[in-house]
Amino acid sequence: MITEPQLTEIRNYLLAKKLPIDILIEVNDHFVSQILDLQREKNLGFEEAFEKTKLSWKQELSIEIVPFGVSETKFVRRVKRKQNLDFFFYTLKIFAPILISSLLISNFGNVKIFIYFFSAVLIFAFSSPMMIQILNYKDFELSRKYKKIQLNTLQNISNIGSISIMYFILFFKDFFKKSEQIFYILNGNYIRILNINERNATMLCIMSFILIFMFIFFSIKLYFFAKKVKEVRPFLSQFLMN
């Protein structure tokens, strides 16, 4: 049996490790379960079981300095790597049909259809982060309220919406023009409207698709950030008010 003060001691220990709240909740459950198992199986008191549990998690919860001087535990870094890999494949599932459709329309369709299609893609890609932030405004406000606490492992992406707005404003008037340029680059007739060589035309095309990929990737991360904030919201008072 673990008392409320003992639960608080566990939470305070994990908070000191600067774990994001979503990870803290998961690790806290592991700690409680492991301590209870040790108490039951080895007839240990709370403090001894707690110390043994901390020892078993020592490596996972050891803090390392990562790029840009940020300190994180090994456990959090592993979780983030897996998340980014998952998000990469989610992005590919959306991006691949866009790329294939662009190649097909540019080579077998006409410029007017391509301009409407690709402009819609650009608007979708550049506006999605902004729309996700607007639709989940309260969740993003919560991250600003708890500036010194990481609500979840994706909190570093929470300001990308403002970049999305900047791109949208800068490029909105040129979406049709840029789409037309990409059409002629993809079908090899870029010289008709662009006074550039083949290498620069190729780079312009590649950079356009990289931007689309990046903004889809950011949108997916923002969506999951908001989703995870909703999941941890009920636990905030429990983990932050002690």
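Just above, that's the structure.
Presented here is an overview of the structure given in this document.

**Concerning helix H4 (residues 74-108)**
- With 35 residues, H4 should reach 51 Å at 1.5 Å per residue; the first-to-last C-alpha distance of 50 Å fits that figure.
- Most pronounced at Ile94, the bend in H4 amounts to some 30°, and the proline Pro97 follows within four residues.

**Topic: the side chain of Thr53**
- Its location among the elements puts Thr53 in helix H3 (residues 46-56).
- The class of Thr53 is buried, set by a relative accessible area of 0%.
- Ignoring any residue separated from it by four or fewer positions in sequence, one finds Thr53 in contact with Phe31, Gln34, Ile35 and Leu38.

**With respect to a nonpolar patch on the surface**
- A cluster of nonpolar side chains, contributed by Met203, Ile206, Met207, Ile210 and Met214, occupies part of the molecular surface with about 410 Å² of accessible area.
- Topologically, Met214 is positioned in helix H9 (residues 198-232).
- With relative accessibility at 35%, the residue Met214 sits in the partly exposed group.

**What about the environment of Leu61?**
- Here Leu61 shows up in the loop between H3 and strand E1 (63-66).
- By relative accessible area, Leu61 is classed as buried at 0%.
- With 14 residues separating them along the chain, Leu61 and Phe75 place their C-alpha atoms 6.2 Å apart.
- Not counting the four nearest positions on each side in its chain, Leu61 is found in contact with Tyr13, Leu14, Lys17, Leu19, Phe31 and Thr73.

**Remarks on the packing of aromatic side chains**
- The tally for this structure, following the rule as stated, stands at 23 aromatic pairs.
- Between Phe87 and Tyr90, the aromatic rings sit 6.4 Å apart at their centres with planes inclined by 40°, giving tilted as the arrangement. Here Tyr90 and Phe87 lie together in helix H4, a separation of three residues that amounts to about one turn.
- Assessed through its relative accessible area of 37%, Tyr90 is described here as partly exposed.
- When the ring of Phe183 is compared with that of Tyr184, the centres are 5.0 Å apart and the planes differ by 85°; the resulting orientation is edge-to-face.

**Concerning the packing of helix H5 (residues 111-135) against H9**
- It is at 9 Å that the axes of H5 and H9 come closest, and there the two elements cross at 30°. In terms of orientation, H5 lies roughly parallel with respect to H9. In terms of crossing hand, the pair formed by H5 and H9 is left-handed. Counted together, Phe118, Val121, Leu122, Phe124, Ala125, Phe126, Ser128, Pro129 and Ile132 of H5 and Phe209, Leu211, Ile212, Phe215, Ile216, Ser219, Leu222 and Tyr223 of H9 form the full contact between these two elements.
- For the contact of H5 with H9, a count of residues per class yields 15 nonpolar, two polar and no charged.

Rules used throughout
Residues numbered from 1 in each chain as written. Predicted model: local features only at pLDDT ≥ 70, side-chain atom pairs only at ≥ 80, totals over all residues. Heavy atoms only, no water. Helix = DSSP H or I, 4+ residues; strand = E, 2+ residues; numbered from the N terminus. Expected span 1.5 Å × (residues − 1). Bend = angle between axes of the 7 residues up to and from the residue. Buried < 20%, exposed > 50% of the residue type's maximum accessible area, 1.4 Å probe, protein only. Contact = heavy atoms within 4.5 Å. Patch = residues over 30% accessible without salt bridge, like charges linked within 9 Å, V, L, I, M, F, W, Y side chains within 5 Å. Areas by Shrake-Rupley, 256 points an atom, 1.4 Å probe, with all protein chains shown as cover. Salt bridge = Lys/Arg side-chain N within 4 Å of Asp/Glu carboxyl O. Phe/Tyr/Trp six-rings, centres within 6.5 Å; stacked < 30°, edge-to-face > 60°. Axes fitted to C-alpha atoms, helices over the stretch in contact; angles between N-to-C directions. Parallel < 35°, antiparallel > 145°, perpendicular 65-115°, else oblique. Left-handed = near helix turned anticlockwise from the far one by under 90°. Nonpolar A, V, L, I, M, F, W, Y, C, P; charged D, E, K, R; others polar.

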